[in-house]
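Secondary and tertiary structure notes
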Amino acid sequence: MAKRIEPTARQMRLAVELRRLRDAAGLTSREAAALLGVSAPQISQIEAGLAGVSERRLRRLAANYSCSDEELIEALVAMTTDRTRGWWEEYRELLPTQFLDLAELEYHATFLKEAQFLFVPGPLQTEDYARAVFSGRVPELPAEEVELRVRHRMQRKATLAATPYGAVIHEAALRIMVGDRTASRTQLAHILDTSEAEHVTVRVIPFRLEGFARAASIMTYAGGAVPKLDTVVRDGPHGATFLDSEAQLGAFRTLFHKVEAASLDIERSRDFIHRLTKEL
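An account of the accompanying structure is given in this report.

What counts, and at which threshold
Residues numbered from 1 in each chain as written. Predicted model: local features only at pLDDT ≥ 70, side-chain atom pairs only at ≥ 80, totals over all residues. Heavy atoms only, no water. Helix = DSSP H or I, 4+ residues; strand = E, 2+ residues; numbered from the N terminus. Buried < 20%, exposed > 50% of the residue type's maximum accessible area, 1.4 Å probe, protein only. Contact = heavy atoms within 4.5 Å. Lys, Arg positive; Asp, Glu negative; His and termini not counted. Charge placed at Lys NZ, Arg CZ, Asp CG, Glu CD. Patch = residues over 30% accessible without salt bridge, like charges linked within 9 Å, V, L, I, M, F, W, Y side chains within 5 Å. Areas by Shrake-Rupley, 256 points an atom, 1.4 Å probe, with all protein chains shown as cover. Salt bridge = Lys/Arg side-chain N within 4 Å of Asp/Glu carboxyl O. Core = buried A, V, L, I, M, F, W, Y, C linked by side-chain atoms within 4.5 Å. Phe/Tyr/Trp six-rings, centres within 6.5 Å; stacked < 30°, edge-to-face > 60°. Arc of directions from axis to C-beta.

1. Topic: the overall build of the chain
For the chain, the helix and strand inventory stands at 12 helices and six strands. Here the chain, with 280 residues, has 46% of them falling under the buried criterion. Within the chain, counting contacts between residues at least 6 apart in sequence, those at least 24 apart form 74% of the total. Counting 37 positive and 39 negative side-chain charges, the chain places the averaged centre of each group 3 Å from the other.

2. Here's the deal with the side chain of Thr 8
Residue placement: Thr 8 occurs in the segment before helix 1 (9-25). Looking at Thr 8, the relative accessible area reads 11%, which means it is buried.

3. Remarks on a nonpolar patch on the surface
On the surface, a nonpolar cluster with roughly 270 Å² of combined accessible area is contributed by Leu 118, Phe 119 and Ile 176. With a relative accessible area of 38%, Ile 176 lands in the partly exposed category.

4. Some points on the nonpolar core
Ranked by size, the top nonpolar core spans 26 residues in total, and within it Leu 14, Val 53, Leu 58, Leu 76 and Leu 229 carry the most contacts. Of all the elements in the fold, those that place two or more residues in this core are helix 1, helix 2 (29-36), helix 3 (40-47), helix 4 (55-64) and helix 5 (70-81). Counting residues per element, this core draws most heavily on helix 5, which supplies six residues. The contact partners of Leu 229, leaving out residues within four places of it in the chain, are Arg 13, Glu 17, Leu 72, Ala 75, Leu 76, Met 79 and Gly 224. If you look at the next biggest cluster of nonpolar residues, it comprises 25 residues, including Leu 105, Val 120, Leu 264 and Leu 276.

5. Remarks on the packing of aromatic side chains
Tallied over the entire structure, the rule returns five aromatic pairs. Between Trp 87 and Tyr 91, the aromatic rings sit 6.1 Å apart at their centres with planes inclined by 90°, giving edge-to-face as the arrangement. On the basis of relative accessible area, Tyr 91 is assigned to the buried category, the value being 0%. Residues Phe 99 and Phe 134 carry aromatic rings whose centres are separated by 6.5 Å and whose planes lie at 40° to one another, so their mutual orientation is tilted. You can see Phe 99 sitting in helix 6 (residues 97-108) and its partner Phe 134 sitting in helix 7 (residues 127-135), a full 35 residues away along the chain. Connected via pairs of aromatic rings, a cluster forms that spans Trp 87, Trp 88, Tyr 91 and Tyr 107.

6. Details of helix 7
Burial in helix 7 covers these residues: Tyr 129, Ala 130 and Phe 134. Taken around the axis of helix 7, the buried residues stretch over an arc of 130°, which confines them to a single face. Structurally, helix 7 contributes buried residues whose contacts are with helix 6, helix 8 (143-156), helix 9 (171-175) and helix 10 (181-194).

Quick look at the structure:
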């Protein structure tokens, strides 16, 4: 198999999980290669996401690593046999790779949860709101790239058509007028409309909440085929970071539960957004 130049985040996740299974088995890459009948560099390339692995080899590796988690094995098999060429591929070499990786993650997610405090979450943004967000970037983006990012973000919204989605939004994000007053009013109305879907929940954290700093954490939590394959995405100054270690996932599950517990319930959140819409 040809060596990959730039593996996707999903390909890297498969590679990481195979390395974790080998580490748990207490085997070196050379020992794993000997059991599989390949060279040590081949194992290294697989674990670096630079080379794929067939279903047959993956199952042999799992057996050699004494992995008895059948659900995890089947999930990894699905990842290695997946040949999906998603809509996001049309943006390759046009947008930063993280845009493609995030779209791919959302496409395969079994559920999505998001906590945002300064901006409306991407999957809930209107076109005008998204354009205002990208236009305000420093350094300023060329108009063509702004439109590419807006189009990409609007296509991501299709994820909401089927994937269970829960958003917790701070009042600050709802009040900040990223665009003009009309765009802000339209954005709030759009959140209310979207939240009417059975698989979508939107909850609000009001300014008046006391002691919220203990729970504050901006994140996107994407459910995998099994909990071990969940992923947390954090936005940083140099782009998105994908977190997936067991300790990290456990910590962010706890944080999200705290954020949810601190928010208004669904009906009170809808009423809150409705009142803000009237104020604009």
